[in-house]
Amino acid sequence: MASTTHPVDEVPPLRQLAAFGLQHVLAMYAGAVAVPLIVGGAMRLPPEDLAYLITADLLICGIATLIQCVGVWRFGVRLPIMQGCTFAAVSPMVLIGTEGGGLPAIYGSVIVAGLAIMLLAPVFGRLLRFFPPLVTGTVILIIGLSLLPVAGNWAAGGVGAKDFGAPKNLALAAFVLLVVLGVQRFAPVFLSRVAVLIGIVVGLAVAVPFGFTDFGGVKEADWLGISTPFHFGAPTFEVSAIVSMLVVALVTMTETTGDLIAVGEMTDREVKPRSLADGLRADGFSTVLGGVFNTFPYTAYAQNVGLVGMTRVRSRWVVAAAGGILVLLGLLPKLGAVVAAIPAPVLGGAGLVMFGTVAASGLRTLARVDFQGNGNLTIVAVSVAVGMLPVGVPTAYEKFPDWFQTVMNSGISAGCLTAIVLNLLFNHLPAKAGSLPSLTSARAGAGEPTGPAPGSPRG
């Protein structure tokens, strides 16, 4: 008798769980540690405090991932979703940390933002009808495109590297990319599913003799690191800090909604209003934990969405295993230092194919949309343009107020909001005179069932 277990709920054998899980950790590690490094660096924290921030971050990343994948009551979407610190919070947190009360003020605002996300989760759950394939495909495409510069920076050596753009860095990234593609194309099925892991391991093996990395930090790292609540002092609640972090909360909820819908598409398990609310509620709870345990706001990590699409491994238990590995890395700083020694070009080569996969998945979703005789092409065109503007021109909004920059400097939230508004404008408002013949196709493009067209589309 054939198994009726959905691929999302299947538990692979232990050795596959470990390999697939490690692959997810390596895909998100650089992004996960970047946030504490940037914020701590801007605040000129001593090295021991920076190390503490990183281990605390990894620990809560792991716990947040486990809650999201495994699920506890109404917390967790129960899909293969990796959690990590959101980059949308970096600028506001640097501002709060350097000018508005230091780390205690950051953590106070993070706790309030987490509680707000938990309260708003059911409201966002009811907004799913505004995410038809036209909008979700556009958002997934923007997620992939906005991640590609991250992979490009890694491939060139990492932002701030002295040899940024050196041919040897790009050659190593290209080598890793070729290994990933070769394994995926020619290796047996199991190995092709860990193509990214193999690419990173082979790339690291080549990088060490050529002097791309050194493991000096491993020797200095402690064996055991325990994060204690409010290590940097009791949180303080500054009004300006809380307001800016609430704006960040709305941005991360929008981004997470896009990521959850993307993973639902890739795994053939539709995200419904209740499960979306459960996923966002887990985000909020993890963000509160972040404020208590000396780290930052959490969100779904888009780079791992690409890995799910590329490997076609849909089990949530694989990502739960990755969460377990992150908890270990958070408790054992020496292990974390080993992973941190992987050179940026190695991650860049793997990132190019992963992030490109996210964009390609968006195109696949858009292939279901009808573009004939309606405004759907305009909706996609303008949304992608608005989403890519801060990616291509990072300083475009620097003369605008902070709250506006927080929303619009995230290409994902800017593009997502644009797609939702334009879809309502073109496909839900009463049609203009003379456009009745194209109404049915407009409804199909918006992801609504077609049928005899009434006088105007339903709202």
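What you are looking at is a predicted structure, and each value in this text was computed from that prediction instead of being measured.

Calculation rules
- Residues numbered from 1 in each chain as written.
- Predicted model: local features only at pLDDT ≥ 70, side-chain atom pairs only at ≥ 80, totals over all residues.
- Heavy atoms only, no water.
- Helix = DSSP H or I, 4+ residues; strand = E, 2+ residues; numbered from the N terminus.
- Rg over C-alpha atoms; globule rule 2.2 N^0.38 Å.
- Buried < 20%, exposed > 50% of the residue type's maximum accessible area, 1.4 Å probe, protein only.
- Phe/Tyr/Trp six-rings, centres within 6.5 Å; stacked < 30°, edge-to-face > 60°.
- Lys NZ or Arg CZ within 6 Å of the ring centre and 35° of its normal.
- Disulfide = S-S within 2.5 Å.
- Salt bridge = Lys/Arg side-chain N within 4 Å of Asp/Glu carboxyl O.
- Core = buried A, V, L, I, M, F, W, Y, C linked by side-chain atoms within 4.5 Å.
- Contact = heavy atoms within 4.5 Å.
- Expected span 1.5 Å × (residues − 1).
- Bend = angle between axes of the 7 residues up to and from the residue.
- Arc of directions from axis to C-beta.

**A word on the overall build of the protein**
Here is step 1: Counting its secondary structure elements, the protein contains 19 helices and two strands.
Here is step 2: Rg of the C-alpha trace for the protein: 22 Å, near the compact-globule value of 23 Å for 459 residues, within the 12% margin.
Here is step 3: Reported as C-alpha extents along the three principal axes, the dimensions of the protein are approximately 75 × 55 × 50 Å.
Here is step 4: Counting over 459 residues, the protein shows a buried share of 57%.

**Thoughts on the packing of aromatic side chains**
Here is step 1: Scanning the model with the defined rule gives seven aromatic pairs in all.
Here is step 2: Aromatic side chains Tyr-52 and Phe-232 sit 5.8 Å apart centroid to centroid with 90° between the ring planes, which places their arrangement in the edge-to-face category. Here Tyr-52 is found in helix α2 (residues 47-70), whereas its partner Phe-232 is found in the loop between α9 (216-220) and α10 (239-267), with 180 residues between them in sequence.
Here is step 3: Sitting above the plane of the Phe-212 ring, Lys-168 keeps its charged end 5.2 Å from the centroid.

**Section: unusual backbone geometry**
Here is step 1: One non-glycine residue, Arg-78, lies in positive phi territory at about 60°.
Here is step 2: By secondary structure assignment, the location of Arg-78 is in the loop between α2 and β1 (83-85).
Here is step 3: Here the phi dihedral of Asp-268 falls at roughly 60°; this positive angle occurs in a residue that is not glycine.
Here is step 4: Within the fold, Asp-268 resides in the loop between α10 and α11 (273-292).

**Some thoughts on the state of the cysteines**
Here is step 1: One pass over the full model with this rule turns up zero disulfides.
Here is step 2: Here Cys-85 is not cross-linked by a disulfide; its sulfur's nearest cysteine counterpart is in Cys-61, at 5.4 Å.

**Section: the pattern of salt bridges**
Here is step 1: Taken as a whole, this structure holds seven salt bridges when the rule is applied.
Here is step 2: Residues Arg-269 and Asp-9 are paired through a salt bridge, measuring 2.6 Å at the closest nitrogen-oxygen approach. Taken as a pair, Arg-269 in the loop between α10 and α11 and Asp-9 in the segment before α1 (14-42) lie far apart in primary sequence, 260 residues in all.
Here is step 3: By relative accessible area, Asp-9 is classed as partly exposed at 24%.
Here is step 4: The residue Asp-278 makes a salt bridge to Arg-74 at a minimum N-O spacing of 2.9 Å. Of this pair, Asp-278 sits in helix α11 while Arg-74 sits in the loop between α2 and β1; the two residues are 204 residues apart in sequence, bridging distant segments of the chain.

**Examining the nonpolar core**
Here is step 1: Ranked by size, the top nonpolar core spans 114 residues in total, and within it Met-93, Ile-106 and Phe-296 carry the most contacts.
Here is step 2: Setting aside residues up to four positions removed in sequence, Met-93 forms contacts with Val-35, Val-39, Ile-106, Val-110, Met-245, Phe-296 and Pro-297.
Here is step 3: Formed by 10 residues, the second largest nonpolar core is a distinct cluster that contains Ile-142, Ala-359, Leu-366 and Val-384.

**Focus on the environment of Gly-348**
Here is step 1: Mapping Gly-348 onto the fold places it in helix α15 (residues 344-366).
Here is step 2: For the pair Gly-348 and Leu-148, spaced 200 residues apart in the sequence, the C-alpha separation amounts to 9.4 Å.
Here is step 3: Residues within four places of Gly-348 in sequence aside, it is in contact with Ala-151, Trp-154 and Ala-155.

**Thoughts on helix α4 (residues 102-125)**
Here is step 1: Its 24 residues give α4 an end-to-end C-alpha distance of 34 Å, which sits within 8% of 34 Å, the value for a rise of 1.5 Å per residue.
Here is step 2: Residue Leu-119 marks the point of greatest curvature in α4, where the axis turns by about 40°; the proline Pro-122 follows within four residues.
Here is step 3: A large share of α4 lies buried, amounting to 17 of its 24 residues.

**Description of helix α6 (residues 167-186)**
Here is step 1: When the terminal C-alpha atoms of α6 are compared, their 28 Å separation across 20 residues agrees well with the 28 Å that a helix rising 1.5 Å per residue should span.
Here is step 2: Listed in full, the buried residues belonging to α6 are Asn-169, Leu-172, Ala-173, Val-176, Val-179, Val-180 and Val-183. The buried side chains of α6 occupy one side of the element, clustering within an arc of 115° when seen end-on. Away from its buried face by more than 90 degrees, α6 exposes Pro-167, Leu-178, Arg-185 and Phe-186.
Here is step 3: Summarising the contacts, the buried residues of α6 are in contact with α5 (133-155), α7 (189-193), α8 (195-207), α12 (302-311) and α15.

Structural measurements only, silent on function.
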